[in-house]
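# Structural characterization, general
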Amino acid sequence: MARYYSGKNQPLTHWNNLPIYLTTIIAALLVVGLILSAVLMSASSPLLGWLVFEMPLDPPWSVWRLVTYIFVGRVSFFTPFGILFFYQMAVGIETHLGRPKLAWLLGLITLVTPVVAAFWWWVLGVPSNTFDFGDYMLLSGLLVAFATLYPNTEAWGWVPFRWIAFACIFCGSLMLLAQRSWLGIGQLWGSCAVAFAFTRQAVETEYDDYESPFARFAKLFQRKPKFRVMPSPVVRRREPVEMDEIESIDPLLDKIARTGMASLTAKERARLEKAREALMKKERE
């Protein structure tokens, strides 16, 4: 399994021994945006309307709202928990996949909400804005991305993150269904689907031997190779050398020593030659 760490997985810098990630900067901007939103709402300033994305877009060239809406929202009792939740999940993704992929992920999730709102307007002609659900969709997509990256990591020591993500999506869908916010349901599911698909693709490129669930599912329909039982190979046994043939030439050798090679008969010469071949065969083995 290939796993490589580089400067993209490390903090940008340190401040008083605290690591400063890209996540740290974005979380700080979210806090500043929420404080600014509260100030502008209390003053009933029209500047707030220039930061929120809404359809129809007026004026049409105010495209910065595709991004600035994410920093606008309502401050509540649970806002610190949302910021902390965002920081922990984003840091986990940044240290695993790196800053560029985290930036791409956050950018895609941010664009899903206005894209779905624009599609809703063009198809159904229903006006919409992102003031109430902008940060909610960002946290939902980030939670799905974190659960995709760490599906079996247990929160609080007993609940895997994949089940937490499923429960949050289910409860969020029920909440929007009760409000009959079909646009909100489309934005929620769109954010989660984009986060899941991007993280899956990032993991597949991160690990050389990673096999996605889609690839495993496709293997179910592939033809499996047929196994055939091959016959056992025939092992030829070596014929043992007859020791009697070698030992039987001792009298012939004695005869050669006494009277010479010429004194052997034709039958004795054949016995001597056969014994010589048997001896040579044994030496080769």
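This structure is a prediction, so every number in the text was calculated from the model and none was measured. (Residues numbered from 1 in each chain as written. Predicted model: local features only at pLDDT ≥ 70, side-chain atom pairs only at ≥ 80, totals over all residues. Heavy atoms only, no water.)

Cis geometry is adopted by the peptide bond preceding Pro 56, which originates at Met 55 and carries an omega value of 5°. Looking at the secondary structure, you find Pro 56 in the loop between β3 (54-55) and α2 (65-68). Of note, the phi angle at Ser 44 is positive, near 50°, even though the residue is not glycine. Along the chain, Ser 44 turns up in the loop between α1 (22-42) and β3. (Helix = DSSP H or I, 4+ residues; strand = E, 2+ residues; numbered from the N terminus.)

Mapped onto the elements, Thr 23 comes out in helix α1. When its relative accessible area of 1% is taken as the criterion, Thr 23 is described as buried. Of the polar contacts made by the side chain of Thr 23, one reaches the backbone oxygen of Ala 90; its length is 3.5 Å. With near-sequence residues (within four places) excluded, Thr 23 lies in contact with Phe 86, Tyr 87, Ala 90, Val 91, Glu 94 and Leu 102. (Buried < 20%, exposed > 50% of the residue type's maximum accessible area, 1.4 Å probe, protein only. Polar contact = N/O pair within 3.5 Å; in protein donor to acceptor, adjacent residues only side chain to side chain. Contact = heavy atoms within 4.5 Å.)

On to the layout of surface pockets. When its volume is computed, the largest pocket comes out at roughly 880 Å³. As for the largest pocket, its lining consists of 34 residues, and the residues nearest its centre are Phe 81, Gly 82, Phe 85, Tyr 136 and Leu 139. Broken down by secondary-structure element, the contributors of at least two residues to the lining of the largest pocket are α1, α3 (79-97), α5 (134-149) and α6 (161-178). Partitioning the lining of the largest pocket into residue classes produces 24 nonpolar, 7 polar and 3 charged. Its volume calculated, the second largest pocket comes out at about 240 Å³. (1 Å grid on protein atoms, 1.4 Å probe; cavity = no way out; pocket = protein on both sides within 12 Å on 5 of 7 lines; lining within 4 Å. Points joined across faces, edges and corners; volume = space filled by probe spheres on them. Nonpolar A, V, L, I, M, F, W, Y, C, P; charged D, E, K, R; others polar.)

Here we take up the packing of α1 against α3. Interhelical geometry of α1 versus α3 gives an angle of 160° and a closest axis separation of 9 Å. One finds that α1 runs roughly antiparallel with respect to α3. Taken as a pair, α1 and α3 cross one another with a handedness that is right-handed. Contacts between α1 and α3 pair Leu 22, Thr 23, Thr 24, Ile 26, Ala 27, Leu 30, Val 31 and Leu 34 from the former with Thr 79, Ile 83, Phe 86, Tyr 87, Ala 90, Val 91 and Glu 94 from the latter. Classifying every residue of the contact of α1 with α3 gives 11 nonpolar, 3 polar and 1 charged. (Axes fitted to C-alpha atoms, helices over the stretch in contact; angles between N-to-C directions. Parallel < 35°, antiparallel > 145°, perpendicular 65-115°, else oblique. Left-handed = near helix turned anticlockwise from the far one by under 90°.)

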